[in-house]
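# Geometric and topological summary
So the chains spell out like this:
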Amino acid sequence: GERLRPTDVNACPELPAVPRLAERLLASRFATLSGSSGSGKSVTAFHAARRLNREGWKVIELKQAGVATSADVAELTRLRGPVLAVVDDAQAIDRKVIADFESSVDDDHAVLLVSTEQLEPRDGETLLASQAVDTMHAYCRANLNTIGPLLTELDDRVRWSAFSDTPEQRLELAARTATEPWLY
């Protein structure tokens, strides 16, 4: 699939790490989020960012994920706050620039580093793909009245009949076989 964007939070349920990340960012202005590719890191970061945005924070992200310089960090510090910088694919950024991001935080500037590598365990949250799959499954089951008709519209092998998989059966199959949330 495609890389998720901030607008995708409207279509994805919040993962359990979101409130902890948002609280950590509000308290210390710095947090890291790590996990394997496709585990839900980006959408979790955007959900946490939306929570801060609702509290009056401006949210920015890198123009290109994984590409940043010390000049970008300096630009962040010049922005009038409160502002949260979501730095996705941080594992691809030079360690000195990562250190610059961490040292740039203050009352009006927060940083959320998102990476496939664990960057800073003391301020970090690690996602497991299985948690994201479980959360998506619970969401779909709880919203079957909305999700079921979409499944029958998108897949002609899914129907509420004895001759096809029902939406419930398809969701159970997805929960058993999906190794990552984007495969659910």
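Before going into details, it helps to say that this report is about the structure given with it. Computed from a prediction, not measured in an experiment: that's the story for all the values here. (Residues numbered from 1 in each chain as written. Predicted model: local features only at pLDDT ≥ 70, side-chain atom pairs only at ≥ 80, totals over all residues. Heavy atoms only, no water.)

### Thoughts on the overall build of the protein chain
Per the secondary structure count, the protein chain includes 7 helices and 5 strands. When the helices and strands of the protein chain are listed from N to C terminus, the series reads α-β-α-β-α-β-α-β-β-α-α-α. Principal-axis analysis of the C-alpha atoms places the extent of the protein chain at approximately 60 × 30 × 25 Å. Residues counted as buried form 43% of the 184 residues belonging to the protein chain. Restricting to contacts in the protein chain with at least 6 residues of sequence separation, those with at least 24 account for 76%. As displayed, the protein chain has an accessible area near 10100 Å², and 50% of this comes from carbon and sulfur atoms. Seen as two clouds, the 21 positive and the 28 negative side-chain charges of the protein chain have centres 2 Å apart. (Helix = DSSP H or I, 4+ residues; strand = E, 2+ residues; numbered from the N terminus. Buried < 20%, exposed > 50% of the residue type's maximum accessible area, 1.4 Å probe, protein only. Contact = heavy atoms within 4.5 Å. Areas by Shrake-Rupley, 256 points an atom, 1.4 Å probe, with all protein chains shown as cover. Lys, Arg positive; Asp, Glu negative; His and termini not counted. Charge placed at Lys NZ, Arg CZ, Asp CG, Glu CD.)

### Considerations on the pattern of salt bridges
The final tally for this structure, using the stated rule, is 9 salt bridges. For Glu172, the salt bridge goes to Arg141, with nearest N and O atoms at 3.3 Å. Taken together, the residues Glu172 in helix 7 (residues 167-177) and Arg141 in helix 5 (residues 129-142) connect sequence positions 31 residues apart. Overall, Glu172 belongs to the partly exposed group, its relative accessible area being 30%. According to the relative accessible area criterion, Arg141 is partly exposed, its value standing at 35%. Of the charged contacts, one joins Arg170 and Asp165 as a salt bridge, the two residues approaching to 3.1 Å between their closest N and O atoms. With relative accessibility at 19%, the residue Arg170 sits in the buried group. Three or more residues are tied together by salt bridges with common partners; here these are Asp155, Arg157, Asp165 and Arg170. (Salt bridge = Lys/Arg side-chain N within 4 Å of Asp/Glu carboxyl O.)

### Considerations on the pairing of strand 1 (residues 30-34)
Burial analysis of strand 1 places 5 of its 5 residues in the buried class, the great majority of the element. Side chains of strand 1 alternate between two faces, with Phe30, Thr32 and Ser34 and Ala31 and Leu33 buried alike. For strand 1 and strand 4 (residues 109-115), the ladder comprises 5 bridges, and the chain directions are parallel. Opposite Phe30, over in strand 4, you have Val111 as the bridge partner. (Pairing = 2+ DSSP bridges.)

### Focus on the sheet that holds strand 5 (residues 124-126)
Pairing is parallel across the open sheet formed by 5 strands, whose spatial order is 2-3-4-1-5. Edge strands, defined here as strands with exactly one partner in the open sheet, are strand 2 (58-61) and strand 5. Averaged over all pairs of adjacent strands, the angle between strand axes in this sheet comes to 20 degrees, irrespective of strand direction. Its contacts with the sheet put helix 1 (residues 17-28) on strand 1, strand 3 (83-87), strand 4 and strand 5, and the angle it makes with strand 1 is roughly 150 degrees. Of the strands in this sheet, strand 2, strand 3 and strand 4 are in contact with helix 3 (residues 70-78), which crosses strand 4 at around 145 degrees. (Axes fitted to C-alpha atoms, helices over the stretch in contact; angles between N-to-C directions.)

### Thoughts on the nonpolar core
Ranked by internal contacts, the top residues of the largest apolar core, which has 22 residues, are Leu25, Leu84, Val86 and Leu112. Looking at this core, the elements that each hand over two or more residues are helix 1, strand 1, helix 2 (41-54), strand 3 and strand 4. When residues of this core are assigned to their parent elements, the largest contribution, 6 residues, is made by helix 2. Filtering out sequence-adjacent residues up to four positions away, Leu112 remains in contact with Leu21, Leu25, Ala31, Thr32, Leu33, Ala45, Leu84, Ala85, Val86 and Val87. (Core = buried A, V, L, I, M, F, W, Y, C linked by side-chain atoms within 4.5 Å.)

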